[in-house]
Amino acid sequence: MKNYHTHTKRCYHAIDNEEEYIKAAIQSGYTELGFSDHTPWHYDSSFHSTMRMEEDKLDGYIQTLLTLKEKYKNQISIKIGLECEYFEKYIPWLKQILNDYPIDYIILGNHYDETDETGIYFGRPLTKQQLTKYVNSCIKGIETGIYSYLAHPDLAYFDTDDEFYKQEMRRLCCCAKEHDLPLEFNLLGYKTHRQYPNETFLRIAKEVGNKIIIGTDAHESSALLDMQTYQYAKQYIENLGLELTEEIRFLR
Ligand SMILES: [Zn+2]
Ligand SMILES: [Zn+2]
């Protein structure tokens, strides 16, 4: 069992440190645990995000994980990652970070339009135009080839019965399929009854033939101990006839 969607208290809206997540994962029988805390961004403006680690904390995050990876190497495989938006103007900075640090993978969590300095959050009710922007930016992100999977692909908040929603989500699913990029079934959203994961989206993914990966999106270490939610989710996904995977592409 593997999970690549794990936060830490470094992003200010999660609790517990890296080692507590590792201990929980070992207890539950995970063989591989990937950390994907919210990436910092090197903003042009003086904007200060309160939902991601500070830029100067990135080094400590990586160093801590390298130390723990070694410490627990006989019990669990640890992968170092980040959850990153697709902020087009900051992608060169991100690529430099991926080059400079031993980061194994990044997942695409497309939370905001363009950049969170100015853009709206995609998880709130969207207009048609905003939904299209969500899908377009997901597609551009996927096409960079740097992301290993798309987190909560169905984050965009829109009437899921609307034909326009289905058309746009089909476009997104087709792009992911073309790039053989797994789509996440987000366990946090499932457990807390958010608008995602939603069944309309999953049925489209089934038709398109996407691979689905379960992501815990753990914001507390106990999330990795909740095997009941995991098993319910797995059963639900299988009942819908979707193909589950645990394999992602790594950067190195
Ligand atoms: Zn996210
Ligand atoms: Zn997350």
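As a reminder, the structure under discussion sits directly above these lines.
Residues numbered from 1 in each chain as written. Chains lettered and ligands numbered in written order. Predicted model: local features only at pLDDT ≥ 70, side-chain atom pairs only at ≥ 80, totals over all residues. Heavy atoms only, no water.

Enquirer: What am I meant to see in the overall build of the chain here?
Expert: For the chain, the helix and strand inventory stands at eight helices and eight strands. Its C-alpha radius of gyration of 17 Å places the chain within 12% of the 18 Å reference for a compact globule of 252 residues. With 252 residues in all, the chain has 56% of them scored as buried. Within the chain, counting contacts between residues at least 6 apart in sequence, those at least 24 apart form 79% of the total. A total accessible area of about 11,100 Å² is found for the chain, and carbon and sulfur atoms account for 47% of it. Separation between the mean location of the 28 positive side-chain charges and that of the 40 negative ones in the chain comes to 3 Å. (Helix = DSSP H or I, 4+ residues; strand = E, 2+ residues; numbered from the N terminus. Rg over C-alpha atoms; globule rule 2.2 N^0.38 Å. Buried < 20%, exposed > 50% of the residue type's maximum accessible area, 1.4 Å probe, protein only. Contact = heavy atoms within 4.5 Å. Areas by Shrake-Rupley, 256 points an atom, 1.4 Å probe, with all protein chains shown as cover. Lys, Arg positive; Asp, Glu negative; His and termini not counted. Charge placed at Lys NZ, Arg CZ, Asp CG, Glu CD.)

Enquirer: What is the right way to read the nonpolar core from this model?
Expert: Taken as a class, soluble globular proteins show a tendency for nonpolar side chains to be buried jointly. Counting 78 residues, the largest nonpolar core has Leu-94 and Met-169 as its most contacted members. Sorting elements by how many residues they give to this core places helix H5 (residues 163-178) first, with seven residues. The residues touching Met-169, leaving out its near neighbours within four places in the chain, are Leu-131, Tyr-134, Val-135, Pro-153, Ala-156, Phe-201 and Ile-204. If you look at the next biggest cluster of nonpolar residues, it comprises seven residues, including Tyr-105, Ala-151, Ile-213 and Ile-248. (Core = buried A, V, L, I, M, F, W, Y, C linked by side-chain atoms within 4.5 Å.)

Enquirer: It is not clear to me how the pattern of salt bridges should be interpreted in this structure. Could you clarify?
Expert: Between side chains of opposite charge, a pair can form as their charged atoms come close. Here the structure, examined in full by the defined rule, presents 18 salt bridges. The residue Lys-89 makes a salt bridge to Asp-44 at a minimum N-O spacing of 3.4 Å. Of this pair, Lys-89 sits in the loop between strand S3 (77-84) and helix H3 (91-100) while Asp-44 is found in the loop between strand S2 (32-38) and helix H2 (58-71), placing the two residues 45 residues apart along the sequence. Here Lys-73 makes a salt bridge to Glu-70, at a shortest N to O gap of 2.8 Å. (Salt bridge = Lys/Arg side-chain N within 4 Å of Asp/Glu carboxyl O.)

Enquirer: Help me out: how do you make sense of the coordination of the zinc ion (ligand 1) in this one?
Expert: In a perfect tetrahedron of four donors around a metal, the angles come out at 109.5 degrees. In a perfect octahedron of six, they are 90 or 180 degrees. All of the protein donors around the zinc ion (ligand 1) are Glu-83 (OE), His-111 (NE2) and His-152 (NE2); their distances to the metal are 2.1 to 2.2 Å. Donor residues for the zinc ion (ligand 1) sit on one chain with the sequence pattern E-x27-H-x40-H. Separating the zinc ion (ligand 1) from the zinc ion (ligand 2) is a distance of 3.4 Å, and Glu-83 supplies a donor atom to each of them. Pair noted here: Glu-83 is in strand S3 and His-111 is in the loop between strand S4 (105-108) and helix H4 (128-144), with a separation of 28 residues, a long-range link. For the residue pair Glu-83 and His-111, the accessibility class agrees, reading buried in each case. (Donors = N, O, S within 2.8 Å, 3.2 Å for Na, K, Ca; no water.)

Enquirer: I would appreciate a short explanation of the coordination of the zinc ion (ligand 2) in the present structure.
Expert: The protein atoms that coordinate the zinc ion (ligand 2) are His-5 (NE2), His-7 (NE2), Glu-83 (OE) and Asp-217 (OD), at distances of 2.0 to 2.4 Å. With four donor atoms in place around the zinc ion (ligand 2) and angles of 79 to 168° between them, the coordination shape is irregular. Mapping the donors of the zinc ion (ligand 2) onto the primary sequence gives the spacing H-x1-H-x75-E-x133-D. (Tetrahedral: all angles 85-135°; square planar, octahedral: opposite > 155°, others 65-115°.)

Enquirer: Teacher, can you tell me more about the side chain of Glu-85 here?
Expert: On the secondary structure map, Glu-85 appears in the loop between S3 and H3. The buried category is assigned to Glu-85, whose relative accessible area is 0%. When near neighbours in sequence (up to four residues on either side) are disregarded, Glu-85 contacts Thr-39, Trp-41, Met-51, Arg-52, Leu-108, Gly-109, His-111, Tyr-112 and Tyr-147.

Enquirer: Even after reading the chapter, I still don't get the packing of aromatic side chains, so can you show me in this structure?
Expert: Remark: the centre distance and the inter-plane angle together describe each pair of aromatic rings, the angle taken between the planes. Across all of its chains, the model carries 16 aromatic pairs by this definition. Ring-pair connections join several aromatic residues into one group, and the members of that group are Trp-41, Tyr-43, Phe-47, Phe-87, Tyr-90 and Trp-93. Geometry around Phe-250 places Lys-79 over its ring, the cationic atom sitting 4.5 Å from the centre. For the cation-ring pair, Lys-128 lies above Phe-164, with the distance from its terminal atom to the ring centre recorded as 5.0 Å. (Phe/Tyr/Trp six-rings, centres within 6.5 Å; stacked < 30°, edge-to-face > 60°. Lys NZ or Arg CZ within 6 Å of the ring centre and 35° of its normal.)

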